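Letter by letter, the chains look like this.
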Amino acid sequence: MPKIHIPTPLRQYAGKQPAIEVEASTIGEALSGLVAQHPDLRRHLYTDDGKLRAFVNVYLNDEDIRYLQKDATPVKASDSISIVPSIAGGRFDFRL
Amino acid sequence: MLKIPQSVYDSLRHHGEKTYPHECCGVLLGQMDGDIRTVASAAPAGNTRTDSAHNRYNIDPKDLVRIQREGREREEDIVGFYHSHPDHPAQWSPTDLAEAHWFGCSYVITSVEKGKAVLTNSFELTGTDENDKKLVDEKIEVG
Ligand SMILES: [Zn+2]
């Protein structure tokens, strides 16, 4: 089964597990299988209208699913899916 | 609290001096035990914000996936991140908070003045979601 790697901040909503295996043939199925097993994850991954949050990156092995076929991207049993919230910032202050 | 070996602490401060006047950034790996994050290693990352590298940083998620995988092979997890503030205090900015999403992780900031690393502070991202998040001062134990 494909394995989904959970980033450290979200493990508390995933039974403290670092990785979760789900039965899936696409990325969409893998992510819905994940939130079905761990419903508390949903609001951290999706907006209220069901879109993946802008700062949540999903990688199939080393590729961003946005540049593959998004939810329809096929996954194999040996694949590794990573959820990685973005890392950014800076000293730029928006002072009006 | 963040516990960090002297050599790793020195290397992240040095990274900020090397990239000056641009911001540096990188990932801290180690173990998380309740409120204590113990760093074992740091992985420098490239700053993708070449358009505005003097005041913005962004780690390519592709690098992050790789760093996370390499950490896993050493049984290390991502416990925090670091970046520098060239000619600016070692305090988080509104942009730093808005773009911080790794709850329970440390965000380490080093001020680099005229090319020399000055202060290094660490902040824990606390809260439960985007609406109540805060960056809170935390102690750094070096050694
Ligand atoms: Zn900053």
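Refer to the structure above for everything that follows.
Small disclaimer: the values here were computed from a predicted structure and weren't measured.

What counts as what
Residues numbered from 1 in each chain as written. Chains lettered and ligands numbered in written order. Predicted model: local features only at pLDDT ≥ 70, side-chain atom pairs only at ≥ 80, totals over all residues. Heavy atoms only, no water. Helix = DSSP H or I, 4+ residues; strand = E, 2+ residues; numbered from the N terminus. Buried < 20%, exposed > 50% of the residue type's maximum accessible area, 1.4 Å probe, protein only. Contact = heavy atoms within 4.5 Å. Salt bridge = Lys/Arg side-chain N within 4 Å of Asp/Glu carboxyl O. Pairing = 2+ DSSP bridges. Axes fitted to C-alpha atoms, helices over the stretch in contact; angles between N-to-C directions. Donors = N, O, S within 2.8 Å, 3.2 Å for Na, K, Ca; no water. Tetrahedral: all angles 85-135°; square planar, octahedral: opposite > 155°, others 65-115°. Expected span 1.5 Å × (residues − 1). Arc of directions from axis to C-beta.

S.K.: Residue-level account of the overall build of chain A, with values.
M.R.: Along the backbone of chain A there are two helices and six strands. From first element to last, N terminus to C terminus, chain A shows the α and β order β-β-α-α-β-β-β-β. Expressed as lengths along the three principal axes of its C-alpha atoms, the size of chain A is roughly 50 × 30 × 25 Å. Expressed as a percentage of the 96 residues in chain A, the buried residues total 51%. Taking the contacts inside chain A whose residues are at least 6 apart along the sequence as the reference set, 48% of them involve residues at least 24 apart.

S.K.: Residues and numbers for the pattern of salt bridges, please.
M.R.: Summed over the entire model, instances satisfying the criterion amount to 17 salt bridges over all chains. A salt bridge links B:Lys62 to A:Glu63; the nearest nitrogen and oxygen atoms lie 3.5 Å apart. Linking B:Lys62 in helix α2 (residues 61-73) with A:Glu63 in strand β4 (residues 63-64), this pair reaches from one chain into another. Overall, the relative accessible area of 35% leaves B:Lys62 in the partly exposed class. Where B:Arg66 meets B:Glu70, a salt bridge forms, and the shortest distance between an N and an O atom there is 3.4 Å. A residue pair is termed a helical-turn pair when its members lie 3 or 4 positions apart in one helix, as B:Arg66 and B:Glu70 do in helix α2 at four residues. Exposure remark for B:Arg66: the relative accessible area of 31% places this residue in the partly exposed category. Several salt bridges share partner residues, and in doing so they unite B:Arg37, B:Glu124 and B:Glu138 into one network.

S.K.: Tell me about the sheet that holds β4(A), residues and numbers included.
M.R.: In a beta sheet, neighbouring strands pair by backbone hydrogen bonds and run either parallel or antiparallel. Taken in spatial order, the five strands line up as β2-β1-β5-β3-β4 (chain A) in an open sheet, and their pairing is mixed. The two strands at the open ends of the sheet, each matched to only one other strand, are β2 (19-21) and β4 of chain A. Here strand β1 (residues 3-5) of chain A runs beside strand β5 (residues 80-85) of chain A; their pairing, made up of three bridges, is parallel. Among the inter-strand pairings, A:Lys3 is bridged to a residue of β5(A), identified as A:Ser80. Sheet strands touched by helix α1 (residues 27-37) of chain A: β1, β2, β3 (56-60) and β5 of chain A. Its angle to β5(A), the strand with the most contacts, is close to 70°. Across the sheet, α2(B) lies against β1, β3, β4 and β5 of chain A, angled at about 115° from β5(A), the strand it touches most.

S.K.: Describe the coordination of the zinc ion, listing the residues and the values that go with them.
M.R.: All names here are of chain B. With distances of 2.0 to 2.5 Å, the protein atoms coordinating the zinc ion are His83 (NE2), His85 (NE2), Asp96 (OD) and Asp96 (OD). Considering all four donor atoms around the zinc ion, angles at the metal cover 55 to 160° and the coordination shape is irregular. Along the chain, the residues that donate to the zinc ion are spaced as H-x1-H-x10-D. With a gap of eleven residues between them, His85 in strand β5 (residues 77-86) and Asp96 in helix α3 (residues 94-98) connect regions that are remote in the sequence. The burial state of His85 is the same as that of Asp96; both residues are buried.

S.K.: Tell me what's going on with helix α1 (residues 6-19) of chain B, and back it up with residues and numbers.
M.R.: All names here are of chain B. Spanning 14 residues, α1 covers 20 Å between terminal C-alpha atoms, matching the ideal 20 Å at 1.5 Å per step. Looking only at α1, the buried set comprises Val8, Tyr9, Leu12, Arg13, His15 and Gly16. Within α1, the buried residues cover an arc of 145° as seen down the axis, which keeps them to one side. Residues of α1 that are exposed and angled more than 90 degrees away from the buried face: Ser7 and Lys18.

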